[in-house]
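Listed below are the residues making up each chain.
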Number of protein chains: 2
Amino acid sequence: MESRCENCIVRQFNSLRAMNKEELKKVSDSKVHKKIKKGEALFEEGEKLDGIFCVRDGVSKLSKLSANGKDQIVKLASKGEVIGQRSVIAEESTNLSAVAVNDMEVCFIPKEIITNTLNTNPNFAVEVLRHMAHDLKEADDVIVNMSQKTVKQRMAEAFLYLKNNYGETADGFLTLTLSREDYANVVGTATESCIRIISEFKKKGFIKTSGKQIGVADEKQLQDLIDGF
Amino acid sequence: MESRCENCIVRQFNSLRAMNKEELKKVSDSKVHKKIKKGEALFEEGEKLDGIFCVRDGVSKLSKLSANGKDQIVKLASKGEVIGQRSVIAEESTNLSAVAVNDMEVCFIPKEIITNTLNTNPNFAVEVLRHMAHDLKEADDVIVNMSQKTVKQRMAEAFLYLKNNYGETADGFLTLTLSREDYANVVGTATESCIRIISEFKKKGFIKTSGKQIGVADEKQLQDLIDGF
DNA sequence: TACAAAATATGATAATTATCAGGTTTTGCC
DNA sequence: GGCAAAACCTGATAATTATCATATTTTGTA
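The rules we used
Residues numbered from 1 in each chain as written. Chains lettered and ligands numbered in written order. Predicted model: local features only at pLDDT ≥ 70, side-chain atom pairs only at ≥ 80, totals over all residues. Heavy atoms only, no water. 1 Å grid on protein atoms, 1.4 Å probe; cavity = no way out; pocket = protein on both sides within 12 Å on 5 of 7 lines; lining within 4 Å. Points joined across faces, edges and corners; volume = space filled by probe spheres on them. Helix = DSSP H or I, 4+ residues; strand = E, 2+ residues; numbered from the N terminus. Nonpolar A, V, L, I, M, F, W, Y, C, P; charged D, E, K, R; others polar. Axes fitted to C-alpha atoms, helices over the stretch in contact; angles between N-to-C directions. Parallel < 35°, antiparallel > 145°, perpendicular 65-115°, else oblique. Contact = heavy atoms within 4.5 Å. Near = heavy atom within 4 Å. Polar contact = N/O pair within 3.5 Å; in protein donor to acceptor, adjacent residues only side chain to side chain.

Engineer: How should I be thinking about empty space enclosed by the protein in this particular structure?
Structural biologist: Residue and element names in this part refer to chain A. The tally for this structure, following the rule as stated, stands at 5 cavities of 30 Å³ or more. What the largest cavity holds in volume is close to 100 Å³. Elements that contribute at least two residues to the lining of the largest cavity include exactly helix H1 (21–30), strand E3 (51–57) and strand E8 (104–110). Across the lining of the largest cavity, the residue classes break down as 8 nonpolar, 1 polar and 4 charged. Empty space within the second largest cavity amounts to approximately 80 Å³.

Engineer: Is there a simple way to explain the packing of helix H5 (residues 151–166) of chain B against helix H7 (residues 191–204) of chain B in this structure?
Structural biologist: For any two helices packed against each other, the geometry comes down to the angle between their axes and how far apart the axes lie. Residue and element names in this part refer to chain B. Here H5 crosses H7 at 70 degrees, and the two axes come no closer than 10 Å. The pairing of H5 with H7 is recorded here as roughly perpendicular in orientation. Between H5, through Val 151, Lys 152, Met 155, Ala 156 and Phe 159, and H7, the contact on the second element is made entirely by Cys 194, Ile 197, Ile 198, Glu 200 and Phe 201. Per-class residue counts for the contact of H5 with H7 are 8 nonpolar, no polar and 2 charged.

Engineer: Explanation requested: the protein's contact with DNA strand C in the structure shown.
Structural biologist: Around DNA strand C, the surrounding shell holds 16 residues, and the nearest of these are Arg 180 and Ser 199 of chain A together with Thr 189, Ser 193 and Arg 196 of chain B. Each atom of DNA strand C within 4 Å of the protein belongs either to a base or to sugar and phosphate, the latter forming 51%. Residue Arg 180 of chain A places a side-chain N or O atom 2.9 Å away from a phosphate oxygen belonging to DNA strand C. For DNA strand C, a base oxygen lies 2.9 Å from a polar atom in the side chain of Arg 196 of chain B.

Now the structure itself:
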């Protein structure tokens, strides 16, 4: 019926590849395959997780609600990425909510297998550590961007990021379609400001739009804007 | 002569406590004790580190230079904390500079010992992982603060953070004294704006100042401001 | 299809924050 | 002690961004 982790391609991209045969077998036997519809939550901020999620398909936004009622999207997680490992490792409630940006397929893996493997297989632990180190670096970069770049620059970065990480369709639109509000929450600005900048970029020919869809029209100009020219 | 890691109190606060006797002995034999004067750098952004630093005394600011020439302070590391492990683990150049905020004493530990221990002692790996998970959560919180809170709110948070984490002197000033520019770089604002807010807070009786020194005068009002009242 | 709700869009205005320009005070050092 | 450099401070102004108000378009669904 369901495919086995041992044969799963997705695993090659994340720390699960450092597991040995037996460990993978255990994971495979206890994992639960789930379909999450667009807009549904994998988990909400503050929940205790009893496992992690391995993304097989689709994209999830990881966000945190601030006191003023706005969501800040801290990270987008897509195929091959693992969600929830931070709070499982720290044995804390999650500090972020995970909501599906489009329809998703994920495998839920109970935390016992993860913690057991961490405690016995150093290769796995180091692999997880490497991924976490990478995430931490990215978070540092986001902090600097937030504080030192203008909203326009961050919007431009967001478009290039989505192009480079999720690609574009045959007709040149970004494969991953976000709502204007999601863009605003990634960039950390008001939805109206976000929409205004999209209009401006379109007028200037930096991007093109068609309904919700957005495409990069002039990568160099966007890059120049990011670099402060 | 120099004290041995086995007896070092500082170690109790960081992941080195998960090392066993032999491992600690190796660390102790190869570590190098260093004194860093205020303003000197432990390392600069982009350097390859061949070891990590365990802070015995003093405080270091970890910052990243942005394109516009401003430094963003991402984290302050003090007694008991380990600096540089992220880039050693990821086997990358550092993404941050580390500069002493006051006179420091640190122990430099060659990376081979760290990576060897990571690969052989799962307890150590998991302990490092826990610390990294904690750092990542803090970084997420900073991201949200940066994007959702005003400069005033972030300034207020900075004062309370310093009070709670570094304490205050007998006469009620913050133990850790930062320059106005450093405050600005923590909070992510222009130095002038930072100074202006300090004046305002002083006028309103939220804080008191004496030269460079700053003290929390009305914790509740600062907290109310942070909470948006 | 029709209709309500949600998302997108735009204008007017206010609030926040940065920048520039000039001061004063403090600090480090000869 | 004296002097230059650095840090601190304040005012005036400009730029950026948020907020509020109000259309318009799209979407989901009865």
